Structure formats: structure tokens, C-alpha cells
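Working through the structure, step by step
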Amino acid sequence: MKAAVLTEQGKIKIDENYPAPIPEDGEILVKVAACGVCHTDLHYIDHGVPTFKKPPVILGHEAAGIVDSSGKTFKKGDRVLLPPVFTCGKCRFCLSGRENICQNMVMLGNSIDGAFAEFIKVPEKDVIPLPDEIPLEEGCIIADALSTPYHAVFNRAKVQPKERVIVFGCGGVGINVVQMAVLAGAEVIACDIDNKKLMLAREFGASLVVNPSEIAFKDFLKQNGGPVEVAFEVIGQPDTIESAFKSLAKAGRLCIVGYTNQNITINPAKIMFFEQEIFGSIGCRPVDFPKILDLVSDKKINLDKLISNKYKLEDINLAFDELRESKVLRNIIIPAKN
Ligand code: APR
């Protein structure tokens, strides 16, 4: 089959004859219809992360497709959504309903081959049916770029109606943190250095937007109601994590969604005196996918404006270049003819 393989750090090559996966017991084969190009992939390509399997590996963890080999629940032709992470169901985190941090998690396009390929094999127990009304190309965005924000907003930060929320970074993931926080009834401030993304954030219900390359962030906050109850950092940079922390009011909560392995400097006095909280958020729990699909089916969340460009597998490096240059929201790869 045709696959885009990360052969060594920095290099994705198209392999026309990559061995097609053969499903084992409990697995099904899925023909990939679409797979989103995520900044997490860029971390793997450009500098690696400690949990990332060494190349060669097929990247791609935001996928939707069509079942190609029937299993116990799914039959050939079924439309499905693939969660990015498969869980063991047995560790203490799975047993306490926190499968998204499963001790033995297996991640597509990280610990095992992902979906930038014509076919992929996946454990049938983790596969999610995709309702007919949701196009496959939008479905792939739900897998991660929408499910991660859902978990961050509703399960981790537990955003409440009327809370003031700021979202640092309105890229493929952050723009959906904006949508989810608006849905939670918050008053949302969107922050990005790209005015086009800020315009979309406004369309999605952000009541204020700020471009920190145009106005000092501190001044903006002073002029616009002061500190906030909740800040999300969805970029993965030490300086924006620090700015997000500084924007917090008394009892404020900082939710870190962006990835960086660099240290940050934060003065703990404010955390102590003001009872502030800092916590992370990663992925989403299996139990949340049906709720997220309902939000999309009921048109409470808008996905069609999120797809920037669609590329064939052969053009995957172009899709990554555009993301690296912050030119796009979500490029998607269409690996196979359907
Ligand atoms: N201030 C504000 N916005 C910024 C800044 C900055 N200093 N630097 C970059 N941005 C904006 C970019 O303009 C872009 O819109 O951050 C956004 C990042 O979005 P994407 O590149 O689309 O990344 P995304 O896929 O959304 O992932 C963001 O979340 O899940 C993690 O690993 C992922 O760390 C990554 C983060």
C-alpha cells in the first residue's frame, strides 16, 4: 500500500510498497478516508518527544475511514472514527475513568503506525461509529482537534457559564477550545498572532480578541476587564504559558494543552495566596466521544470552516510546511481513493 513514512527525524517519504497491515485477533482493517495534520506530528518530525517511537513510523492520529475487513461489531463499509489513543482498560487510570492517561496507552502515529497511509489496522473495541450526517473529512477533525478541547474545557477546567476565559493560540486545537468554551457559556477572549484566526474565533463566538504582536498583553487585559477565571495555553511555548498564568484572577485556573518540554518560570506566591490552579489536559476519554459526536450532529460545533486544504498523500510535506509556517488551521490528507 501507499504510505507516508517518517524515515528519520525531519524526513517523511512516500513509500508505494509499504506492507499493508494484517489485522490480528480483535483488530479490524480500515481504509483511511481522511487524516488531519496536527502540530503534535510536527513535534515528532522536527525534534521528537520522549514518548515517541523511533522512526521508521507512519504518522497520523486524526483519522476517519471505512471498515475494510469485518469484525465482531463492525462490518465492511461501516463509516468509523478512530480515537488517537487505545487504552488497556485495566490500569488504575482506566479503572478510575481516566483512560486518556492510561498507563499502557498505545497511540496511532506514535507508538504504532498511524493513518497517513491507505490502510490501518486498529483494535475493534476502540473504534467509534461515525453518524451518517457527519462527513468523513470532518470526522477526522473530531478524533483529536475537537476531542482534546472538549476534555480540556468540560472535564479538566470545568468551565462554568459567565466565566471569563482566555485561549492562547487559536490554531487547529485552540480554535475548538474557543468553540467549546463558548458552548459552556463562558465569555471568551481569543489570543493569537494571526488576525485571520482571530476573525474566525470571533465568528465562533469569542467576545474579545487580542493579537499580542499588536498590543502588549498586559495593557490589553487592563483595558478589557482585567484578569480571567480560566486561561488555556494551546500553543506549547514557555512565554505564552507564563503570560497565561499571569492573566489569572484570584482562584483562577490555568489549563495547559500545548506541548513543550522547556521549563517555565512561575512565582508560586500568587498560586498560594490566590488559591490558583495549574493543570494539564491531554486527549479525551472514550466515554466522551458519543457526546462530542452529538454536538457535531446537532450543529452546536462548526467543523466545515476548520478544513484549510486537502492534500494527497504525495503532498504531505507541503501540508506540514504550511502548518509549520502557521498558514493554516487544519490541513487534511486524503490517502486513498474512495
Ligand atoms: N502568541 C499567540 N499565538 C501564537 C503565538 C504567540 N506567541 N505563537 C504561535 N501562536 C499561534 C499560531 O498562530 C497558531 O494559530 O498558536 C497557534 C498554534 O496552532 P497550530 O500550529 O495549528 O497547532 P495545533 O495543532 O493547534 O496544536 C497546538 O496543542 O496538542 C498540542 O502538540 C500540540 O503543542 C501543540 C498545541
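Residues numbered from 1 in each chain as written. Predicted model: local features only at pLDDT ≥ 70, side-chain atom pairs only at ≥ 80, totals over all residues. Heavy atoms only, no water.

Section: the overall build of the chain
Each helix and strand counted, the chain has 10 helices and 18 strands in total. Compactness check: the chain gives a C-alpha radius of gyration of 20 Å against a globular reference of 20 Å for 338 residues, within 12% of the reference. Taken along the three principal axes of its C-alpha coordinates, the chain extends 60 × 40 × 35 Å. A separation of at least 24 residues holds for 67% of the contacts in the chain among residues at least 6 apart in sequence. (Helix = DSSP H or I, 4+ residues; strand = E, 2+ residues; numbered from the N terminus. Rg over C-alpha atoms; globule rule 2.2 N^0.38 Å. Contact = heavy atoms within 4.5 Å.)

Regarding the environment of G26
With respect to the helices, strands and loops of the structure, G26 is situated in the loop between β2 (11–15) and β3 (27–36). Taking the C-alpha atoms as reference points, G26 and Q223, separated by 197 residues in sequence, lie 57 Å from one another. In contact with G26, not counting residues within four places along its chain, are V122, P123 and E124.

So, the site of the ligand
Lining the immediate environment of the ligand, one finds 22 residues, of which H39, T40, V173, D192 and Y259 sit closest. Within the side chain of H43, one N or O atom sits 3.1 Å away from an oxygen atom of the ligand. The separation between an oxygen atom of the ligand and a polar side-chain atom of R330 is 3.0 Å. When the free accessible area of the ligand is taken as 730 Å², the share hidden by the protein chains comes to 92%. Among the residues forming the shell around the ligand, the class breakdown is 9 nonpolar, 10 polar and 3 charged. Taken domain by domain, the makeup of the shell around the ligand includes at least three residues from each of domain 1 (3–143 + 303–334) and domain 2 (147–280). (Near = heavy atom within 4 Å. Polar contact = N/O pair within 3.5 Å; in protein donor to acceptor, adjacent residues only side chain to side chain. Areas by Shrake-Rupley, 256 points an atom, 1.4 Å probe, with all protein chains shown as cover. Nonpolar A, V, L, I, M, F, W, Y, C, P; charged D, E, K, R; others polar. Domains from an automatic or database assignment.)

Let's talk about a negative patch on the surface
The grouping of D132, E133, D294 and D298 at the surface amounts to a negative patch. Structurally, D132 is set in the loop between β10 (128–129) and α3 (136–156). Exposure remark for D132: the relative accessible area of 67% places this residue in the exposed category. (Patch = residues over 30% accessible without salt bridge, like charges linked within 9 Å, V, L, I, M, F, W, Y side chains within 5 Å. Salt bridge = Lys/Arg side-chain N within 4 Å of Asp/Glu carboxyl O. Lys, Arg positive; Asp, Glu negative; His and termini not counted. Charge placed at Lys NZ, Arg CZ, Asp CG, Glu CD. Buried < 20%, exposed > 50% of the residue type's maximum accessible area, 1.4 Å probe, protein only.)

Observations concerning the packing of α3 against helix α4 (residues 174–183)
Helix-helix packing is characterised by the crossing angle of the two axes and by the distance between the axes. Their axes nearest at 8 Å, the elements α3 and α4 cross at an angle of 45°. In terms of orientation, α3 and α4 fall into the oblique class. Between α3 and α4 the crossing geometry is right-handed. Residue-level contacts link I141, A145, L146, P149, Y150, V153 and F154 of α3 to N176, V177, M180, A181 and L183 of α4. Here the residues of the contact of α3 with α4 sort into 11 nonpolar, 1 polar and no charged. (Axes fitted to C-alpha atoms, helices over the stretch in contact; angles between N-to-C directions. Parallel < 35°, antiparallel > 145°, perpendicular 65-115°, else oblique. Left-handed = near helix turned anticlockwise from the far one by under 90°.)

Notes on the pairing of strand β1 (residues 3–8)
Pairing of β1 with β2, which is carried by 5 bridges, proceeds in the antiparallel orientation. Bridging from a neighbouring strand, E8 pairs with K11 of β2. Here β1 hands over to β2 after 2 residues, with G10 in that stretch at a positive phi of 90°. Note that β1 and strand β4 (residues 57–58) share 2 bridges and pair antiparallel. Opposite L6, over in β4, you have V57 as the bridge partner. (Pairing = 2+ DSSP bridges.)

Some points on the sheet that holds β1
A sheet is described by the order of its strands in space; here 3 strands give the open sequence β2-β1-β4, paired in antiparallel fashion. Lying at the two open borders of the sheet, with one neighbouring strand each, are β2 and β4.

Concerning the sheet that holds strand β11 (residues 164–168)
With parallel pairing, 6 strands are arranged side by side in an open sheet as β13-β12-β11-β14-β15-β16. Each edge of the open sheet is held by one strand with a lone partner, namely β13 (208–210) and β16 (277–280). Between one strand axis and the next, the sheet turns by 20° as a mean value, whatever way the strands run. Bridge count between strand β12 (residues 187–191) and β13: 3 bridges; the pairing is parallel.

With respect to the domain arrangement of the chain
Assigned domains of the chain: these are domain 1 (3–143 + 303–334) and domain 2 (147–280). Relative placement of domain 1 and domain 2: their C-alpha centres are 27 Å apart. Taken together, the contact between domain 1 and domain 2 spans 15 residues of the former and 16 residues of the latter. In this assembly, domain 1 packs against domain 2 so that about 1,100 Å² is buried in total across both faces, 54% of it on carbon and sulfur atoms. If you sort the residues of domain 1 by the area they bury against domain 2, K305, L306 and L329 come out on top, with a joint share of 39%. On inspection of domain 1 and its partner domain 2, the count reaches 1 salt bridge. Between the two partners, domain 1 and domain 2, sit 5 residue pairs in polar contact (both at pLDDT 80 or more). Sorting elements by how many residues they give to the side of domain 1 that touches domain 2 places α3 first, with 3 residues. (Buried area = accessible area lost by both parts, 1.4 Å probe.)

What about the pattern of salt bridges?
All chains considered together, the criterion is met by 17 salt bridges. The salt bridge involving K75 is made with D78; its shortest N-O contact spans 3.1 Å. D78 gets classed as buried once you look at its relative accessible area, which sits at 17%. Each of E24, E27 and K121 takes part in salt bridges that share partners, so that together they form one network.

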